[in-house]
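# Understanding the architecture of this molecule
Here are the chains, one letter per residue:
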Amino acid sequence: MQRAGFAGGTKGINVKLIIATIKPFKLEEVREALTEAGVRGMMVTEIKGFGSQSGHTEIYRGAEYAVNFVPKIKLEIVVAANMVDQVIETIATTAKTGKIGDGKIFVLDVQQAVRVRTGETNEDAI
Amino acid sequence: MNLMKSLIPAAAICAVPQLGLAQEATGEAAQHTQYIFTTLLFLMAGFLVFFMAAGFAMLEGGLVRSKNVAMQMIKNVALFSIAAIMYWLIGFNTMYPGDFNGFFAIGGPTVLDPVGVDPAEAALDYASIGSDFFFQLVFVAATASIVSGAVAERIKLFPFLIFVVVLTGILYPISGSWQWGGGWLSEAGFSDFAGSTVVHSVGGWAALAGVIVLGPRIGKYKDGKVHPMPGSNLALATLGTFILWLGWFGFNGGSQLAMGTVGDVTDVSRIFANTNMAAASGAVTALILTQLLYKKPDLTMVLNGALAGLVSITAEPLAPTLFGALWIGAVGGIIVVLAIPMLDKFKLDDVVGAIPVHLFAGIWGTIAVIFYGEASLITQLTGIVAYGVFTFVGALILWSILKAIVGIRVSEEDEINGLDMAELGMEAYPEFSKG
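Anyway, here's the lowdown on the structure attached to this text.

### Notes on the overall build of chain B
Looking only at helices and strands, one finds 16 helices and two strands in chain B. Relative to the compact-globule value of 22 Å for 435 residues, chain B shows a C-alpha radius of gyration of 21 Å, a close match. Projected onto its principal axes, the C-alpha coordinates of chain B cover approximately 70 × 45 × 40 Å. Buried positions account for 57% of the 435 residues belonging to chain B. A fraction of 79% describes how many contacts in chain B between residues 6 or more apart in sequence connect residues 24 or more apart. In chain B, 18 side chains carry a positive charge and 29 a negative one; their mean positions are 19 Å apart.

What follows is the structure, encoded as structure tokens:
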């Protein structure tokens, strides 16, 4: 692997960003499984959203109302390309309940990664 | 509360030998003891009912959205304080005028017993004026609190408080005098022990008139559908309900109006047990019914169910057996669960369920007197209609006048931003985002 400084490597094709939405109660289980799989960091955000089910309904004081946005957890994980399949597999199996609303996983290319403290880049920065 | 003050001496003299308790009422010491215990009952029941002001505040604060909580709190503390002043100024002596035509008498300010009253000057067969006045004034405050919850989240502060001035100083005391002041309904044999009609329905009618004149909250009824606006804090609403439940022991128990004999103190304890039973059965009924109707129990309706049970037993908490209190309270619970969606169908936006709880369960409780107490259905219905017409029409006129002269509703922008910032310039929860 090429070790690039600031001036060089903007190639970065060997680093991927995995965005996954999961059910909030699965967060701890997914975190443990990913840590075991060798993932050394992740970004976690509490979000709301809807997918193909378009939310659900609840009843308050006898009147039905739509919950258009369902609470979810968004994970953002940056890993070396060779780990991507394993991370996807881990999230997909751990976060799965088989019921509607289990979430989605997206994989994107990362153009560049830098560790602020040391200036390391790309895979070394992860 | 079913006897006028001036009738008490005569009633006590007649009643005591009939009860076979003559030995308890003879002698100066025994008389003093009766006076002391009845006064103590009024003071203790009075501070229990006083605490219901906190119960109403917490219940309403929990069921409104967070942007309106501070406004709801200022309404509650202000209405209680106004009620206290108005009841001193004219309310108490309007409600208990002594001998009057049975319909209408405006009284002057209340005067207390002198300091260190001589027993010869005291109402030894009843209780001290101060305790009686205090006990009665906390009831009128409850009536005003009922209105506060129904009209929440869109009413302007000062027009609401002007309404409270008239309600607590004039409307409630005049209609109250018909029954508890020894007026025409009491003569007719109407029976309302602690005020299912006199207190709760009156508050409910005034609230209904307010809700009609005021209109629903923006966005509550849109495109033919009801859009729920969940309350900000159901823990506070639950605390408020438990405080009201506690206060009700004073509300109903104190309305025995006497604790100087074995019979009276035992009756007070009967009332405590029945009051508790009705609340419990109202809550359980609402719990089961909402589970059956909606597949999940609705906490806010369970809270309303407990209160509806309490209102239902208030017209006759003494005579029923515990089983009687159970089914009377249960019917109250059913009424409230069915009435809340019904009001929504008519686009009557009652934020906390005050109208189903206090008006509908109040009417039911007043009718239910015929099953255990001594009252005829016709007389009970007469009383219900008389209080309904007087209070509803009176309140409707008053709300309409206020609407025409000063306006009773905040602007659309203020309502959406929340009354806390618009009316008070402060928020109950400044560290939360806009709700």
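Following the structure, the description resumes.
### Overview of the interface of chain B and chain A
Residue-level contacts link 18 residues of chain B with eight residues of chain A. Together chain B and chain A conceal approximately 1000 Å² of surface at their shared face, both sides included; 56% is due to carbon and sulfur atoms. Looking only at chain B, the three residues that lose the most surface to chain A are B:Pro228, B:Pro230 and B:Tyr294, adding up to 41% of its buried area. The tally of links from chain B across to chain A stands at one salt bridge. When the shortest N-O distance is used, the salt bridge between A:Glu58 and B:Lys296 registers 3.1 Å. Those elements that provide at least two residues to the side of chain B that touches chain A are helix 11 (299–314) and helix 12 (322–345) of chain B. Residues belonging to the side of chain B that touches chain A are distributed by class as follows: eleven nonpolar, four polar and three charged.

### A few points about the side chain of B:Gln380
Residues and elements named next belong to chain B. With respect to the secondary-structure elements, Gln380 resides in helix 14 (residues 377–405). The exposure class assigned to Gln380 is buried, which follows from its relative accessible area of 0%. Beyond its immediate chain neighbours, meaning those up to four positions away, Gln380 contacts Gly189, Phe190, Ser191, Thr366, Val369, Ile370 and Ala375.

### Describing helix 14 of chain B
All names here are of chain B. When the terminal C-alpha atoms of helix 14 are compared, their 41 Å separation across 29 residues agrees well with the 42 Å that a helix rising 1.5 Å per residue should span. Those residues of helix 14 lying buried are Thr379, Gln380, Gly383, Ile384, Ala386, Tyr387, Gly388, Thr391, Ala395, Leu398, Trp399 and Leu402. Residues of helix 14 that are buried make contact with helix 5 (129–150), helix 6 (157–179), helix 7 (184–188), helix 8 (196–214) and helix 13 (354–372).

### Remarks on the packing of aromatic side chains
Enumeration according to the criterion identifies 25 aromatic pairs over all chains in this entry. Aromatic pair A:Phe50 and A:Phe69: ring centres 5.8 Å apart, planes at 55 degrees, arrangement tilted. One end of the pair, A:Phe50, is in the loop between strand 2 (43–49) and strand 3 (56–60); the other, A:Phe69, is in the loop between strand 4 (63–67) and strand 5 (70–80), with 19 residues separating them in the sequence. Summarising the aromatic geometry, the rings of B:Phe103 and B:Trp184 are spaced 5.5 Å apart at their centres and angled 15 degrees between planes, so their arrangement reads as stacked. Linking B:Phe103 in the loop between helix 4 (69–95) and helix 5 with B:Trp184 in helix 7, this pair joins segments that are 81 residues apart in sequence.

### Observations regarding the sheet that holds strand 6 (residues 104–109) of chain A
Residue and element names in this part refer to chain A. Pairing is antiparallel across the open sheet formed by four strands, whose spatial order is 2-5-1-6. Pairing within the sheet leaves two strands with one partner each, and these edge strands are strand 2 and strand 6. Between one strand axis and the next, the sheet turns by 25 degrees as a mean value, whatever way the strands run. In this structure, strand 1 (residues 15–22) lies alongside strand 5, joined through eight bridges in antiparallel fashion. Across the sheet, residue Ile18 finds its bridge partner in strand 5, namely Ile77. Running over the sheet, helix 1 (residues 27–36) touches strand 1, strand 2 and strand 5 and is turned about 10 degrees from strand 5. Helix 2 (residues 84–94) contacts strand 1, strand 5 and strand 6 of the sheet and is inclined by roughly 5 degrees relative to strand 1.

Cut-offs and rules
- Residues numbered from 1 in each chain as written.
- Chains lettered and ligands numbered in written order.
- Predicted model: local features only at pLDDT ≥ 70, side-chain atom pairs only at ≥ 80, totals over all residues.
- Heavy atoms only, no water.
- Helix = DSSP H or I, 4+ residues; strand = E, 2+ residues; numbered from the N terminus.
- Rg over C-alpha atoms; globule rule 2.2 N^0.38 Å.
- Buried < 20%, exposed > 50% of the residue type's maximum accessible area, 1.4 Å probe, protein only.
- Contact = heavy atoms within 4.5 Å.
- Lys, Arg positive; Asp, Glu negative; His and termini not counted.
- Charge placed at Lys NZ, Arg CZ, Asp CG, Glu CD.
- Buried area = accessible area lost by both parts, 1.4 Å probe.
- Salt bridge = Lys/Arg side-chain N within 4 Å of Asp/Glu carboxyl O.
- Nonpolar A, V, L, I, M, F, W, Y, C, P; charged D, E, K, R; others polar.
- Expected span 1.5 Å × (residues − 1).
- Phe/Tyr/Trp six-rings, centres within 6.5 Å; stacked < 30°, edge-to-face > 60°.
- Pairing = 2+ DSSP bridges.
- Axes fitted to C-alpha atoms, helices over the stretch in contact; angles between N-to-C directions.

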